[in-house]
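Commentary on secondary and tertiary structure
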Amino acid sequence: MLGILLSSAGCAIMPMSGPEDHVIKSQVTRSGPDYELVKLTPTVVDILKEYGPGAIAGSFPDRRPPAGIRFGIGDTVAVSIFEAAAGGLFIPAEAGVRPGNFVALPNQNVDLNGYISVPYAGTVKANGRTPVEIQQDIVKAIGNRAIEPQVVVSLITQNTSLVSVLGEVRSPARLTANAAGERILDLIARAGGLSGPGWESWVTLERGGKKATVPFGALVYQPANNIWIHPGDTIYVYREPQVFLAFGAFTVGGNFGGQAQFPFDMWKINMAQAMAKAGGLIDAQAEPAGVYVYRREPRELAERLGVDCSKYVGPLVPVVYNADFRDPAAFFLASNFEMRDKDVLFAANAATVDTAKFLQFTRLVIGTANDTIVTANNAQILKISTRQ
């Protein structure tokens, strides 16, 4: 019986929570997609730092503040016309000399054709133009009839230069754009701030049909992402907790081995922190050279990591990162390796674990057979005793 057990002592008969270390490193799969094994090195970690979860600054590279507010159809406009002396076009001669020789026209909306109406100047185009541009047109139109005219055009009610702030904020609204210019965080603050924790909030900016999404923390801790907002932009805030999955030889929930899903509980965590959340490696079970992170990377990044992408179709390439914790430097690398949402963290068993499992299985089988023999022997003794 022992000979039979030894001849079938392959690892296939032993239960385990995942592939063995040598199987992963062989890059041979029984089913599913091929993958590339990448060993963690300082160069690899530096390259990965360039590819974060998203960067609004990269999608909208224009760093300039927005241009001045331009009027739009439906905006309410006020026009005041000044003359240097009485007796002109708008100030009667009998008015004499008085402080501020001006007349304020009734407020009016920019009409559907984009115009406002000014006496003696006719219709003046306002849609898409700044106050200064409108003022210059009015002065030009009445300059030959009024006495040294000056014109002030101001916005009373802003109905077109708006920014929408939607989603997980306390007061979602369409807000008027500030002529002084504002950034993303300014608009979120004007909408009452986030309604949920910042570490699980994401911000999407949409402008001119283009979108970009970053974690809220990227706006706070990476100021380059907190770009200027332009009229017509839409800011959408939503909550999506970032998580990673841990399998294998971790002390999950105080138990030896298992699997669980863990939230980041912060806007980003590194591999060392993730291992700590999973309870750390089991000293008597884990293979310290066999800790892996499973992830799909953009093809461009995979090529920079030295991966031959010719056999992969599509924009994403399956990559498995390997950290060897027998090397003390691996702890520094793990502290700089950032986890991504939905990463799979796996710790393989040491080779001796399978041997121990097999020996325990052998003892169980032999013990069971021995119990059967002892039981039969006892029954025989009892039978003989009964006859006597």
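Analysis parameters
- Residues numbered from 1 in each chain as written.
- Predicted model: local features only at pLDDT ≥ 70, side-chain atom pairs only at ≥ 80, totals over all residues.
- Heavy atoms only, no water.
- Pairing = 2+ DSSP bridges.
- Helix = DSSP H or I, 4+ residues; strand = E, 2+ residues; numbered from the N terminus.
- Axes fitted to C-alpha atoms, helices over the stretch in contact; angles between N-to-C directions.
- pLDDT = per-residue confidence, 0-100.
- Contact = heavy atoms within 4.5 Å.
- Phe/Tyr/Trp six-rings, centres within 6.5 Å; stacked < 30°, edge-to-face > 60°.
- Buried < 20%, exposed > 50% of the residue type's maximum accessible area, 1.4 Å probe, protein only.
- Lys NZ or Arg CZ within 6 Å of the ring centre and 35° of its normal.
- Expected span 1.5 Å × (residues − 1).
- Arc of directions from axis to C-beta.

A word on the pairing of strand β15 (residues 286–298)
- Across five bridges, β15 lies against strand β17 (residues 343–349) in antiparallel orientation. By the bridge assignment for β17, Y294 is matched with V344.
- Relative to strand β16 (residues 316–323), β15 is paired through eight bridges, and the arrangement is antiparallel. Counted as the bridge partner of E297 is V317 from β16.

A closer look at the sheet that holds strand β10 (residues 201–207)
- As summarised here, the arrangement of the five strands in space is β9-β8-β12-β10-β11, forming an open sheet in which the pairing is mixed. Looking at the sheet topology across the chains shown, the edges are occupied by β9 (173–176) and β11 (210–215). If you compare each strand with its neighbour and ignore which way they point, the axes differ by 20° on average.
- The pairing of β10 with β11 spans six bridges and is classified as antiparallel. The partner of R207 across the bridge, within β11, is K210.

Side note on the confidence of the model for the chain
- Summary statistics for the chain give a mean pLDDT of 84 and a share of 81% for residues scoring 70 or more.
- A low-confidence stretch, residues 4–11 (pLDDT under 50), is modelled with 10 contacts involving residues beyond four sequence positions or located in other chains.

Focus on the packing of aromatic side chains
- Scanning all chains against the criterion turns up eight aromatic pairs.
- Between Y221 and W267 the ring centres are 5.8 Å apart and the planes differ by 15°, which places this aromatic pair in the stacked class. In this pair, Y221 is assigned in helix α7 (residues 216–221) and W267 in the loop between β14 (258–263) and α8 (271–277), connecting sequence segments 46 residues apart.
- Since its relative accessible area comes to 59%, Y221 is described here as exposed.
- An aromatic cluster is present here, built from F244, F262 and F264 joined pairwise through their rings.
- Looking at R207, its charged tip hangs above the ring of F60, at a distance of 5.1 Å from the centre.

Some points on helix α5 (residues 131–142)
- A rise of 1.5 Å per residue sets the reference length of α5, with its 12 residues, at 16 Å; its end C-alpha atoms lie 17 Å apart and thus fit the reference within 8%.
- All of the buried residues in α5 are I134, Q135, I138 and I142. End-on, the buried residues of α5 take up no more than an arc of 100°, which puts them together on one face. What points out from α5, more than 90 degrees from its buried face, is the exposed set Q136 and K140.
- Residues of α5 that are buried make contact with β2 (76–82), β5 (115–118), β6 (122–125) and β7 (150–157).

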